[in-house]
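# Descriptive structure summary
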Amino acid sequence: MLPILVHFGGFVIHTYGVMIALGAVALIYVAWHWAERFGIDPEKHFRGAVYLALAGIIGPKLFLVIQDFHFYVRQPAALLTVSFWESGGIFYGGIVCGLLVLTAYTYRHKLSWFGVADALAPGIAIGQSIGRLGCFSAGCCWGKPTTGFFGYTFHSAYAHATVGVPLGVELYPTQLLMAAGQLVIFLILWRVASRRTFDGQVAAIYLLCYGVFRFLIDFLRYYVPSAMLFGGLLTDAQLTSLCLIALGIGIWIARSRLPAALPAGVASIAP
């Protein structure tokens, strides 16, 4: 892990921030690529991708503040701390804000919600994969203790002080597992996008794949007991994952019999 990438005097660049920025750039680049191939105005799509990337960064922090509202009212200075900005926040805040931004943007610019979502989905997956490397570098979103052969031990006192990751304990490397899983999802979506048969297909597969993967990986994630729901049966992320799975299934059922609005030649694009 490497929480600080550059430290020169009072100038500090955190690896987490760099990886989040790289993830946002990857999202925008991949979204532009598929917007052109799906016949969507690239400039409008570029702006939408930028807004979505910002929603993915700001949304989790916003929901974290809402969840711990009483704390931040009493301690507003905590909003300016390194630990606040290096924390992953509440992941479903990014999902909710992203869906709201996507809906508002496509409605205002008279774009197909499903077409834009298809073009965005692969970029979201690779952006999340890169961002999870930032989580690993900062030490946040750590896993439960393990005695397995693939456990990872954190040693950075700085990471412990800023995000609270335990030191000297073998933990499931959930951040790396998430990064690897999101990379696999990206490759799947890229292939599906090149052979898309209906608008909404790529988005539906993203929701299904991510929902199932996140639901399973959360069994390895560490959560404080207060963050668990239904007497410790589920995490809030797992409950949200079930909603994403249901949404993905709903999109597939509703859209699978409708043809995709593809420009000529798209179906022949190599994966």
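Rules and cut-offs
Residues numbered from 1 in each chain as written. Predicted model: local features only at pLDDT ≥ 70, side-chain atom pairs only at ≥ 80, totals over all residues. Heavy atoms only, no water. Phe/Tyr/Trp six-rings, centres within 6.5 Å; stacked < 30°, edge-to-face > 60°. Helix = DSSP H or I, 4+ residues; strand = E, 2+ residues; numbered from the N terminus. Buried < 20%, exposed > 50% of the residue type's maximum accessible area, 1.4 Å probe, protein only. Core = buried A, V, L, I, M, F, W, Y, C linked by side-chain atoms within 4.5 Å. Contact = heavy atoms within 4.5 Å. Pairing = 2+ DSSP bridges. Expected span 1.5 Å × (residues − 1).

## Some points on the packing of aromatic side chains
Taken as a whole and judged by the stated rule, the model has 13 aromatic pairs. Measuring from centroid to centroid gives 5.0 Å for W34 and W190, while their planes differ by 70 degrees, and the two rings are edge-to-face. One end of the pair, W34, is in helix α1 (residues 15-37); the other, W190, is in helix α8 (residues 174-194), and 156 residues separate them in sequence. According to the relative accessible area criterion, W34 is buried, its value standing at 0%. Each ring, one from F136 and one from F154, has its centre 5.7 Å from the other, and the planes form 55 degrees; the classification is tilted. With F136 in helix α6 (residues 113-138) and F154 in the loop between β3 (152-153) and α7 (157-163), this residue pair connects regions lying 18 residues apart in the sequence.

## Some points on the nonpolar core
Soluble, globular proteins show a tendency: their nonpolar side chains are buried together. By size, the foremost hydrophobic cluster in this structure holds 40 residues, and its most contacted members are I40, L120, L189 and Y206. Those elements that place two or more of their residues in this core are α1, α2 (42-67), α5 (91-108), α6, α8, α9 (201-217) and α10 (236-255). Discounting residues that sit within four places of it in the chain, L189 has contacts with A121, P122, A125, V202, I205 and Y206. If you look at the next biggest cluster of nonpolar residues, it comprises 12 residues, including F136, A138, C141 and F154.

## Overview of the pairing of strand β2 (residues 11-14)
As paired strands, strand β1 (residues 4-8) and β2 are joined by 4 bridges and run antiparallel to one another. If you follow F8 over to β2, its bridge partner there is F11. The antiparallel pairing of β1 with β2 creates a hairpin that spans 2 residues between the two strands, and G9 there sits at a positive phi of about 65 degrees.

## A look at α8
Taking 1.5 Å as the rise per residue, α8 with 21 residues should run 30 Å; its terminal C-alpha atoms sit 30 Å apart, in good agreement. Among the residues of α8, T174, Q175, M178, A179, G181, Q182, I185, F186, L189, V192, A193 and S194 are the ones counted as buried. Contacts from the buried residues of α8 go to α1, α6 and α9.

## Things to note about unusual backbone geometry
Even without glycine at this site, K110 takes up a positive phi of about 55 degrees. Looking at the element boundaries, K110 is found in the loop between α5 and α6. Judged by its relative accessible area of 76%, K110 is exposed. Notably, C141 is not glycine yet its phi reads approximately 60 degrees, a positive angle.

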